[in-house]
Amino acid sequence: MKTIDPDMLVAIKKHKELQAADGGVPDTLVENRRQQDRLAPYWSDGAPAVSQVIDQTIDLNGEEKGIRIYRPHAEEPHAVILFLHGGGWARGTISTGDWACHTFAAETNLPVVSLAYSLAPEAPFPSAIDDIRAAMDWCAENGEALGFNGRRIFLTGTSAGGNLSVSAALARRDHEEFMPIGLAPLFGVFGCNLETDSYREYGPGQYGLSYARMKQYFEWYVPEGKMPREPLISPIHADLSGLPPTFVGIAEFDVLRDDSFLFAGKLAATSTPVTVRHYEGLAHGYAMFARGVPAARRALSDTAGFFREVASGLRG
């Protein structure tokens, strides 16, 4: 019998308590985003220490977008990590990825840039992908001034951010642009089949992400005239050849679990080096709840270890 990590269960309950104390789950998407920002400081409290955290705006495709730069204490300049928060392409903020970004910076000694990409439904597919491609170019153009090699970029993200990390890499490959040196999608969205075994098991949302919410996210993200099976929307339907080494983090108690295994298998079939970690007992969103879940902290350290391993060959 499957058993959820007791700390994970406590964290999920705590988040519901924080929402209740904040007035309950908001009725509108805009208010939901604002609530996420209000609750994020609780979950980032006590995150691994870094030297600096810098908020600024940059111009991407003619629009101002926010970024947050995390500078580690013993920074190494040979690469940078570009982080993409989760939230179903429609929710989430830079702040919700704070603990993960602190961890990656502190445990790799690489700078981390977290991007506030465009959100659906105001800006549906492919707006976020275009932002990420532009952010990679921004890193390349500005990295030297900021003290890092901006053409050596790891793309990583959680949930929808994991999806976007893969899709942005595929888009850059198709446009013959310079590629990321590694990918690390964590509990990512890779397909649009909402009838998998993991959807049937966890679709009611007893551990967070639900069938109903994923259905709504796809409706918001996929514009009229496009299909959810589009390769850059559901990467399991894409030609996955030509991608860099990839770390796939999979949560056991997650509607997205089965698609994550399917994606990892299809990617491995292209001879791309793939590291798969299945975290028994953890649920969708474990990266945000790492403050209260030691197993989630260990999972993030695994991802940081992947970055270190790949980056170790880049020095000099």
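Each value, and the rule that gives it
Residues numbered from 1 in each chain as written. Predicted model: local features only at pLDDT ≥ 70, side-chain atom pairs only at ≥ 80, totals over all residues. Heavy atoms only, no water. Salt bridge = Lys/Arg side-chain N within 4 Å of Asp/Glu carboxyl O. Helix = DSSP H or I, 4+ residues; strand = E, 2+ residues; numbered from the N terminus. Buried < 20%, exposed > 50% of the residue type's maximum accessible area, 1.4 Å probe, protein only. Contact = heavy atoms within 4.5 Å. Pairing = 2+ DSSP bridges. Axes fitted to C-alpha atoms, helices over the stretch in contact; angles between N-to-C directions. Polar contact = N/O pair within 3.5 Å; in protein donor to acceptor, adjacent residues only side chain to side chain.

Looking at this model, I keep getting lost on the pattern of salt bridges. Mind explaining?
A side chain with one charge may pair with a side chain of the opposite charge, provided their charged atoms come close. Here the structure, examined in full by the defined rule, presents 18 salt bridges. The partner of glutamate 201 in a salt bridge is lysine 2, with the nearest N and O atoms 3.0 Å apart. Here glutamate 201, found in helix H6 (residues 197-202), pairs with lysine 2, found in the segment before helix H1 (6-21); they are 199 residues apart in sequence, far enough to count as distant. Exposure remark for glutamate 201: the relative accessible area of 31% places this residue in the partly exposed category. On the basis of relative accessibility, which here comes to 40%, the residue lysine 2 falls in the partly exposed class. A salt bridge links glutamate 31 to arginine 34; the shortest N-O distance between them is 2.6 Å. With glutamate 31 and arginine 34 both in helix H2 (residues 29-44), this residue pair falls three residues apart, about one helical turn. What makes glutamate 31 partly exposed here is its relative accessible area of 31%. The exposure class of arginine 34 is partly exposed, given its relative accessible area of 46%. A single salt-bridge network, built from bridges that share partners, covers Asp130, Arg133, Asp137, Arg172 and Glu177.

Hey, could you run me through the environment of alanine 100 in this one?
Here alanine 100 lies in helix H3 (residues 98-108). Along the sequence, alanine 100 and lysine 266 sit 166 residues apart, while their C-alpha atoms lie 27 Å from each other. In this view, alanine 100 contacts Phe83 and Leu300; residues no more than four positions away in its chain are not counted.

Sorry if this is basic, but what is going on with the sheet that holds strand S4 (residues 112-115) here?
In a beta sheet, neighbouring strands are held together by backbone hydrogen bonds and run either parallel or antiparallel to one another. Taken together, eight strands build an open sheet; the order of strands is S1-S2-S4-S3-S5-S6-S7-S8 and the sheet is mixed. In this open sheet, the two edge strands, each paired with only one partner strand, are strand S1 (52-60) and strand S8 (274-283). Going across the sheet, the axis of each strand differs from the next one's by a mean of 20°, ignoring polarity. As judged from the four bridges shared by strand S3 (residues 80-84) and S4, these two strands associate in the parallel manner.

What should I look at first to understand the side chain of threonine 96 in this one?
In this fold, threonine 96 is placed in the loop between S3 and H3. Among the polar contacts made by the side chain of threonine 96, one reaches the main-chain carbonyl oxygen of threonine 93 at a distance of 2.7 Å. The residues contacting threonine 96, other than those within four sequence positions of it, are Gln36, Ala40, His85 and Met288.

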